[in-house]
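Secondary and tertiary structure notes
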Amino acid sequence: MSIRWSHGDLAARPLGLTCQHGAVPAPLTSPPPLVLGIETSCDETGVGLVRGTTLLADAIASSVDEHARFGGVVPEVASRAHLEAMVPTIQRSCTTAGVRLDDVDAVAVTSGPGLVGALLVGVAAAKALAVSLSRPVYGVNHLAAHVAVDQLEHGPLPEPCLALLVSGGHSSLLLVDDVTGDVTALGATIDDAAGEAFDKVARLLGLPFPGGPHIDRVARDGDRVAIDFPRGLTRGRDLERHRFDFSFSGLKTAVARWVEARQQTGEPVPVADVAASFQEAVCDVLSTKAVAACRAYGVRHLLVGGGVAANSRLRALTEQRAAAAGVAVRVPRPALCTDNGAMVAALGAELVARGRPPSALDLPVDSSMPVTAVVA
Ligand code: KG4
Ligand code: ZN
């Protein structure tokens, strides 16, 4: 990729050096701006530092353990945890990257979608940094950031590409023509998110929270065709009306009924088979619809992101089906798939590189920010 970046609205930084012979001319090329990204849309306080497409630091503090006994994220608990973690996480990120706050050229922050109280903590922190450092602030869309993060691992994003984002909070199919400004939502879940379904089914199988990794592990010893669980929105009128949408709440109920029926007869619940069959139903629908969308829109690159992208069966099935359709799959490493600050910094760096204008200093949070709005 040609490195595209402009100072734009960034504060001008002196580039000339001095030595004993006097001023040394500034180098013809200077490094791309340093962007600090803040993520607080759910239960992870993430602060990333990115220069161009190079990841320098990705510090994370998670409040997941505080939510475990509730079986899901409690918004107020998450907000308070963000408040406590914010300053230490910023400091940790700077220390890891070996930079000072004053070295930062621009600040990016998730301004939506997400939990409103949690978002407010991140946006307030970003504004405070922007004002105190006199740097621009970019309020960015969390979903677009999940897409942009892949650049840090696999290089420039092929555009157009299709993105399947699956996590505890969202399940979306996006057509990405320009990650900084032209993202179209092709479909989303109409009820539970994919990760939420993993977490709920894990709970009824007696597995810990968050349940996705446990189902993934337990399913390895199970038979994925043991139980024919329903595939939501994949047939007849449902499919016609919701071609690229998902539904997992019927599947979750079907698993609950199957387990209850088994318990009523006093037979043991074959946890591995239930986990494998449930996982197969989710991964079958996700991979089928993602590849179908690639075909429908003539797109040859599919990116899978979000916490559920760490699922071994989803990765394998998607690879297999995409390959058969001539579609190349990119999946960031698991630490970049789950919520983090690096993804926000990655999108911020790309916005700077493409000369996009920053947000106003009074930028709001938007808990249901549409993906068509990449910058607030
Ligand atoms: O992206 P993420 O960290 O946070 C949200 O934005 O929600 O995703 C967390 C979700 C949880 O629901 C978790 O159970 C799920 O990702 N998850 C998995 C796996 N690892 C994490 N689901 C299935 N298989 C996995 N290996
Ligand atoms: Zn996310």
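The following paragraphs examine the structure supplied in this document. None of the values given here were measured: they were computed from a predicted structure.

Conventions used here
Residues numbered from 1 in each chain as written. Chains lettered and ligands numbered in written order. Predicted model: local features only at pLDDT ≥ 70, side-chain atom pairs only at ≥ 80, totals over all residues. Heavy atoms only, no water. Helix = DSSP H or I, 4+ residues; strand = E, 2+ residues; numbered from the N terminus. Buried < 20%, exposed > 50% of the residue type's maximum accessible area, 1.4 Å probe, protein only. Contact = heavy atoms within 4.5 Å. Areas by Shrake-Rupley, 256 points an atom, 1.4 Å probe, with all protein chains shown as cover. Near = heavy atom within 4 Å. Polar contact = N/O pair within 3.5 Å; in protein donor to acceptor, adjacent residues only side chain to side chain. 1 Å grid on protein atoms, 1.4 Å probe; cavity = no way out; pocket = protein on both sides within 12 Å on 5 of 7 lines; lining within 4 Å. Sits in = over half its atoms within 2 Å of the grid points. Donors = N, O, S within 2.8 Å, 3.2 Å for Na, K, Ca; no water. Tetrahedral: all angles 85-135°; square planar, octahedral: opposite > 155°, others 65-115°. Pairing = 2+ DSSP bridges. Axes fitted to C-alpha atoms, helices over the stretch in contact; angles between N-to-C directions. Expected span 1.5 Å × (residues − 1). Phe/Tyr/Trp six-rings, centres within 6.5 Å; stacked < 30°, edge-to-face > 60°. Points joined across faces, edges and corners; volume = space filled by probe spheres on them. Nonpolar A, V, L, I, M, F, W, Y, C, P; charged D, E, K, R; others polar.

Turning our eyes to something else, we now look at the overall build of the chain. Scanning the chain from N- to C-terminus turns up 13 helices and 12 strands. Seen through its C-alpha atoms, the chain measures out along the principal axes to roughly 85 × 45 × 35 Å. The buried share among the 376 residues of the chain stands at 51%. In the chain, 75% of the contacts between residues at least 6 apart in sequence involve partners at least 24 apart. In the structure as shown, the chain presents an accessible area of about 16,000 Å², 54% of it carried by carbon and sulfur atoms.

The next thing to look at is the site of ligand 1. Gly168, Asp199, Gly212, Asp216 and Asp339 are the nearest of the 18 residues found near ligand 1. One nitrogen or oxygen atom from the side chain of Ser167 is found 3.2 Å from an oxygen atom belonging to ligand 1. Take Gly169: an N or O atom from its main chain is 3.2 Å from an oxygen atom of ligand 1. Coverage of ligand 1 by the protein chains reaches 90% of its 550 Å² of free accessible surface. Cavity membership is defined here by more than half of the atoms lying within 2 Å of grid points; on that basis ligand 1 lies in the largest pocket. Secondary-structure elements contributing two or more residues to the shell around ligand 1 are α6 (194-204) and α7 (212-219).

With that settled, consider the environment of Asp43. With respect to the helices, strands and loops of the structure, Asp43 is situated in the loop between β3 (34-39) and β4 (44-51). Considered as a pair, Asp43 and Ser63 are 20 residues apart in the sequence and their alpha carbons are 5.5 Å apart. With residues near it in sequence (within four places) discarded, Asp43 still touches Ala61, Ser62, Ser63, Val64, His67, Val73 and His82.

Moving on, we come to the coordination of the zinc ion (ligand 2). Coordination of the zinc ion (ligand 2) by the protein is provided by His142 (NE2), His146 (NE2), His170 (NE2) and Asp339 (OD), with metal-donor distances spanning 2.1 to 2.8 Å. Geometry at the zinc ion (ligand 2) is irregular, judged from the four donor atoms that bind it and their angles of 88 to 164° at the metal.

The five strands lie next to each other as β10-β9-β8-β11-β12, forming an open sheet whose pairing is mixed. Two strands close off the open sheet at either side, each with one partner strand: β10 (182-188) and β12 (328-330). Between one strand axis and the next, the sheet turns by 25° as a mean value, whatever way the strands run. In this structure, strand β9 (residues 171-178) lies alongside β10, joined through six bridges in antiparallel fashion. Across the sheet, the residue bridging to Val176 is Val183, located in β10. The strands touched by helix α10 (residues 271-297) are β8 (161-166), β9, β10 and β11 (301-305); relative to β8, the strand with the most contacts, the crossing angle is about 160°.

Moving on, we come to helix α13 (residues 341-353). In this model, α13 (13 residues) spans 18 Å end to end at C-alpha, consistent with the 18 Å of a helix rising 1.5 Å per residue. Within α13, 13 of the 13 residues are buried, leaving the element largely enclosed by the surrounding structure. Immediately beyond the C-terminal end of α13, within one or two residues, lies Gly355, with a positive phi of roughly 70°.

On to the packing of aromatic side chains. Using the criterion set out here, one finds three aromatic pairs in the structure. For the pair Phe198 and Phe278, a centre-to-centre distance of 5.1 Å together with 75° between the ring planes defines the contact as edge-to-face. Taken together, the residues Phe198 in helix α6 and Phe278 in helix α10 connect sequence positions 80 residues apart. Taking relative accessible area as the criterion, Phe198 reaches 2% and is therefore assigned buried.

Right, let's get into the layout of surface pockets. By volume, the largest pocket amounts to about 1,200 Å³. In terms of lining, the largest pocket is formed by 48 residues, of which the most central are Cys42, Ser167, Gly168, Gly169 and Asp199. Counting only elements with at least two residues in the lining of the largest pocket, the list comes to α4 (142-148), β9, β10, α6 and α7. By residue number, the principal contributor to the lining of the largest pocket is α6, which donates six residues. Considering only residue class, the lining of the largest pocket consists of 19 nonpolar, 21 polar and eight charged.

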